Amino acid sequence: MSKMDAKDIIYLAAILATTGLGRAKLPELVQAMGSAQAVFEAEREQLLATGLVSDDAVTTFLSKRRRDLPQRLERYCELHGVRLVSYMCAEYPKSLLRIADPPLVLYVKGTLPKADYCLAVVGSRECTEYGKKAAKLFTKDLAKRGIPIISGGARGIDTTAHEACLSVGGQTVAVLGCGLNIAYPEENAPLFERIVAKGGAVISEYAPGTQPIARNFPARNRIIVGLSQGVLVAEAKLKSGAIITANIAADEGREVYCVPGNIFDKTSLGCHELIRTGAKLVDSLQDILEDKAQWELAQREKMVQPSMFDFVANDEQEESQKINTSELGARLLDLLKGGSLSLEELVEGSGTDFASVSMELLELQGAGLINQNQALRYYRR
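Residues numbered from 1 in each chain as written. Predicted model: local features only at pLDDT ≥ 70, side-chain atom pairs only at ≥ 80, totals over all residues. Heavy atoms only, no water.

Here we look at the overall build of the protein chain
Move 1: Regarding its fold elements, the protein chain presents 18 helices and eleven strands.
Move 2: Considering only C-alpha atoms, the protein chain reaches an extent of 60 × 55 × 35 Å along its principal axes.
Move 3: Here the protein chain, with 381 residues, has 50% of them falling under the buried criterion.
Move 4: In the form shown here, the protein chain has an accessible surface area of approximately 18300 Å², with 50% of it arising from carbon and sulfur atoms. (Helix = DSSP H or I, 4+ residues; strand = E, 2+ residues; numbered from the N terminus. Buried < 20%, exposed > 50% of the residue type's maximum accessible area, 1.4 Å probe, protein only. Areas by Shrake-Rupley, 256 points an atom, 1.4 Å probe, with all protein chains shown as cover.)

Next up, the structure:
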């Protein structure tokens, strides 16, 4: 299956909005059954026959499935000007496909950035005037240079970043941890409307009606990272969502920038800890622009990493990746079909000792079959 039509995307969204099947195996399940509609409408025996889902998962899914959900989602999108963008759509941001767990469907209101380079600006909800001033300074200067600003629509630094971007005519995206029909925080409803009206977007992976519960926000943060090539933490406490976002960014090979703060203020301690553990201290826009220039140069020189959802086009292509590989090499390549993995994950998945896996990975790299990204995760070329 090389593409998915609008109707099937509705069914894919309906599956994801129904508890049970999850998303890890869903692309394979859709491919095995031919369409998302076939998966949504399937009976127990048909789902189990694929060998991709457990009996418990199927039981949960069937007990929660509402047959009219696809139609209700379609009506909601039509009434509220929301588009459903799947991982197989041309509009789906390519950088988002490169993270370990990309959302399969995005609810999008507005216009997604087309720029190759975007920057996330995040920070504490309970921020100081210093943090707001820093966020405004960097955001305005970046937006003036045509760099889209990504943030989470929350109180504090997020709101400041969105507002600052809009004030200079920039494009900004708010990624929500709830359904698009819920403004969270409530006072930001006018802000979200302005973001859309001014050429930006408000997006979510959650179906309409999904409440802003705590567990949604770390998941939301991975989308902020996926849409961005770097993350600027303007101000953060030691324990905050901004720190989670920064750690995800580091794991995904994105650059993390931190504004240093007052050593006597607890709202700066998170940034200082990130700097201590490898984030880049920034006190001028040039610090970021220099890295952006280097990133753009690297993009022109390197081969793009394949998506975890890129299916093999034909048997010849798959066979070409098996040439001159040992049994262990073939096993490692098979593990990497699902996306990038760390050395530790490959050792565990292959059931082989650390030294053997390390040596085999070197062989596979030398043969041009795999590569390693900035987060030290291996992926198939």
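Describing empty space enclosed by the protein
Move 1: If you walk through the whole model with that rule in mind, you get one cavity of 30 Å³ or more.
Move 2: There is about 40 Å³ of room inside the largest cavity.
Move 3: Arg 125, Gly 152, Gly 153, Ala 154, Leu 176, Gly 177, Cys 178, Tyr 184, Phe 217 and Arg 220 are the residues that line the largest cavity.
Move 4: In the lining of the largest cavity, the residues fall into five nonpolar, three polar and two charged. (1 Å grid on protein atoms, 1.4 Å probe; cavity = no way out; pocket = protein on both sides within 12 Å on 5 of 7 lines; lining within 4 Å. Points joined across faces, edges and corners; volume = space filled by probe spheres on them. Nonpolar A, V, L, I, M, F, W, Y, C, P; charged D, E, K, R; others polar.)

Considering the pattern of salt bridges
Move 1: Across all of its chains, the model carries 19 salt bridges by this definition.
Move 2: Of the charged contacts, one joins Glu 28 and Lys 25 as a salt bridge, the two residues approaching to 3.8 Å between their closest N and O atoms.
Move 3: With a closest N to O distance of 3.7 Å, Arg 222 and Asp 101 form a salt bridge. Taken together, the residues Arg 222 in helix α11 (residues 216–226) and Asp 101 in the loop between α7 (94–97) and β2 (105–110) connect sequence positions 121 residues apart. (Salt bridge = Lys/Arg side-chain N within 4 Å of Asp/Glu carboxyl O.)

Section: the confidence of the model for the protein chain
Move 1: The pLDDT averaged across the protein chain works out to 89; a share of 92% of its residues lies at or above 70.
Move 2: Scored below 50 in pLDDT, residues 311–323 shows twelve contacts in the model against residues more than four places distant or in partner chains. (pLDDT = per-residue confidence, 0-100. Contact = heavy atoms within 4.5 Å.)

Here we look at the sheet that holds strand β1 (residues 83–86)
Move 1: What the nine strands build is an open sheet, ordered β1-β2-β6-β5-β4-β3-β7-β8-β9; its pairing is mixed. Because the sheet does not close on itself, it has two edges, and the strands there are β1 and β9 (280–281).
Move 2: Examined bridge by bridge, strand β3 (residues 119–123) and strand β4 (residues 149–151) share two bridges and lie parallel to one another. If you follow Ala 120 over to β4, its bridge partner there is Ile 150.
Move 3: On the sheet, helix α8 (residues 129–144) packs against β3, β4 and β7 (230–235) and is oriented at approximately 150 degrees with respect to β7.
Move 4: The strands touched by α11 within the sheet are β2, β3, β4, β5 (172–175), β6 (201–204) and β7, with β5 carrying the most contacts at an inclination of about 160 degrees. (Pairing = 2+ DSSP bridges. Axes fitted to C-alpha atoms, helices over the stretch in contact; angles between N-to-C directions.)

As for the packing of helix α17 (residues 343–350) against helix α18 (residues 354–366)
Move 1: Look at α17 against α18: their axes get within 10 Å of each other, and the N-to-C directions meet at 115 degrees. Taken as axis vectors, α17 and α18 run roughly perpendicular relative to one another. The crossing of α17 and α18 is right-handed. Contacts from Leu 343, Leu 346, Val 347 and Ser 350 of α17 reach α18 at Phe 354, Val 357, Ser 358 and Leu 361.
Move 2: Taken together, the residues that form the contact of α17 with α18 break down as six nonpolar, two polar and no charged. (Parallel < 35°, antiparallel > 145°, perpendicular 65-115°, else oblique. Left-handed = near helix turned anticlockwise from the far one by under 90°.)

Regarding the pairing of strand β8 (residues 255–258)
Move 1: Across four bridges, β7 lies against β8 in parallel orientation. Bridge assignment links Val 231 to a residue of β8, and that residue is Val 256.
Move 2: A crossover connection joins β7 to the parallel β8 through helix α12 (residues 241–251); in handedness this β-α-β unit is right-handed.
Move 3: Bridging between β8 and β9 involves two bridges; their strand directions are parallel. Bridging from a neighbouring strand, Cys 258 pairs with Leu 281 of β9.
Move 4: Taking the sense of rotation as the criterion, the β-α-β connection linking β8, helix α13 (residues 269–276) and β9 turns out right-handed. (Right-handed = clockwise from strand over helix to strand, strands pointing away.)

A short note on the nonpolar core
Move 1: With 75 residues, the main nonpolar core has Leu 12, Ile 203 and Val 233 as its most contacted residues.
Move 2: Once residues within four sequence positions are removed from consideration, Ile 203 is found in contact with Leu 106, Tyr 107, Val 108, Leu 112, Val 173, Ala 174, Val 175, Leu 176, Leu 180, Ile 223 and Leu 227.
Move 3: One finds Ala 134, Ile 147, Leu 232 and Val 259 within the second-largest nonpolar core, a separate group that totals 22 residues. (Core = buried A, V, L, I, M, F, W, Y, C linked by side-chain atoms within 4.5 Å.)

Remarks on the environment of Phe 40
Move 1: Residue position: Phe 40 is located in helix α3 (residues 36–41).
Move 2: In the structure, Phe 40 is positioned 29 residues away from Tyr 11 in sequence and 6.5 Å away in space, judged by C-alpha atoms.
Move 3: Discounting chain neighbours no more than four positions away, the residues touching Phe 40 are Tyr 11, Ala 14, Ile 15, Thr 18, Phe 61, Arg 65, Arg 66, Arg 67, Leu 69 and Pro 70.

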